[in-house]
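# A look at the structure
Listed here are the chains, written in short residue letters.
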Amino acid sequence: MTRAQFKAKTAARLALGAIFFVFGLNGFLHFLPMPAPTGVAATFMGGMAATGYFFPLLKGTEVLAGLLLLGNRYVPLALTVLAPIVLNIVLFHVFVAPAGLVLPLVIVALGVYLAYTERAVFAPMLRAKSDEAVPPSARVDGHAAAAA
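Counting restarts for each chain: residues are numbered from 1 in the order of the written sequence. The predicted nature of this model means local features are confined to residues of pLDDT at least 70 and side-chain atom pairs, given and counted, to a pLDDT of 80 or more, with totals for whole chains, interfaces and linings taken over all residues. As a rule here, side-chain values cover all heavy atoms of the structure and leave hydrogens and water aside.

Numbering of helices and strands runs from the N terminus; a helix is a DSSP stretch of H or I covering at least four residues, while a strand is a stretch of E covering at least two. To estimate how far a helix should extend, the number of its residues minus one is multiplied by 1.5 Å. For helix H3 (residues 54-70), which comprises 17 residues, the first-to-last C-alpha distance of 24 Å matches the rise-based estimate of 24 Å (1.5 Å per residue) to within 8%. Any residue under 20% of the maximum accessible area for its type is buried, any over 50% is exposed, and the rest in between are partly exposed; the area is computed with a 1.4 Å probe on protein chains only. Listed as buried for H3 are Leu58, Lys59, Gly60, Glu62, Val63, Ala65, Gly66 and Leu69. Should any heavy atoms of two residues lie within 4.5 Å, those residues are considered in contact. On its buried side, H3 packs onto helix H1 (3-29) and helix H4 (75-95). Taken from the residues just after H3, asparagine 72 is the one with a positive phi, measuring 55°.

Next comes the structure, spelled out in structure tokens:
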């Protein structure tokens, strides 16, 4: 990895970590003024708030994953945990509140870039078939032996 690539990866990780840490913490402390949602967005947000657990779980997850990214600890795990949150944020802004789509697109770009830089870690998760289906006695050098 070149010095420029290292700097870009670090900048993306810190930016994404800061976004999730700050906005997650804002869910608890309300230090950033947020406009009240209207229309379908208000109905959607009201439904999630009415559960009583969803927003604390969501914001707590954002804070913890943001801290992991900021601390450069378990980055692939943090990206994996944040992926469905990012998807929901983007889809919310595409279908319900399109005016706020810029930041979610930045978040997607940062997440995709970081996932790309960690692609070696994600590669085993993307295999179509697991070696675990083969009993350990039938493996050769950690891989399934070819059928005779």
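There's more to say after this.
What follows concerns the layout of surface pockets. Lining residues are those with an atom within 4 Å of a point, where the points come from a 1 Å grid over the protein atoms alone and group into cavities, where a 1.4 Å probe fits but cannot get out, or pockets, open sets with protein on both sides within 12 Å along at least five of seven lines. Grid points are joined across faces, edges and corners, and a volume is the space filled by probe spheres set on the points. Approximately 1,200 Å³ is the volume found for the largest pocket. Looking at the largest pocket, it is lined by 39 residues, and the ones nearest its centre are Met34, Met45, Lys59, Phe92 and His93. Breaking the lining of the largest pocket down by element, the ones donating at least two residues are H1, helix H2 (39-50), H3, H4 and helix H5 (102-117). Among the elements that line the lining of the largest pocket, the one with the most residues is H2, at 7 residues. Amino acids outside the nonpolar list (Ala, Val, Leu, Ile, Met, Phe, Trp, Tyr, Cys, Pro) and the charged list (Asp, Glu, Lys, Arg) are all regarded as polar, and Gly is one of them. By residue class, the composition of the lining of the largest pocket is 29 nonpolar, 8 polar and 2 charged. Surrounding the second largest pocket, Leu16, Leu79, Thr80, Leu82, Ala83, Val86, Ile107, Val108, Gly111, Val112, Ala115 and Phe122 form its lining. Those elements that provide at least two residues to the lining of the second largest pocket are H4 and H5.

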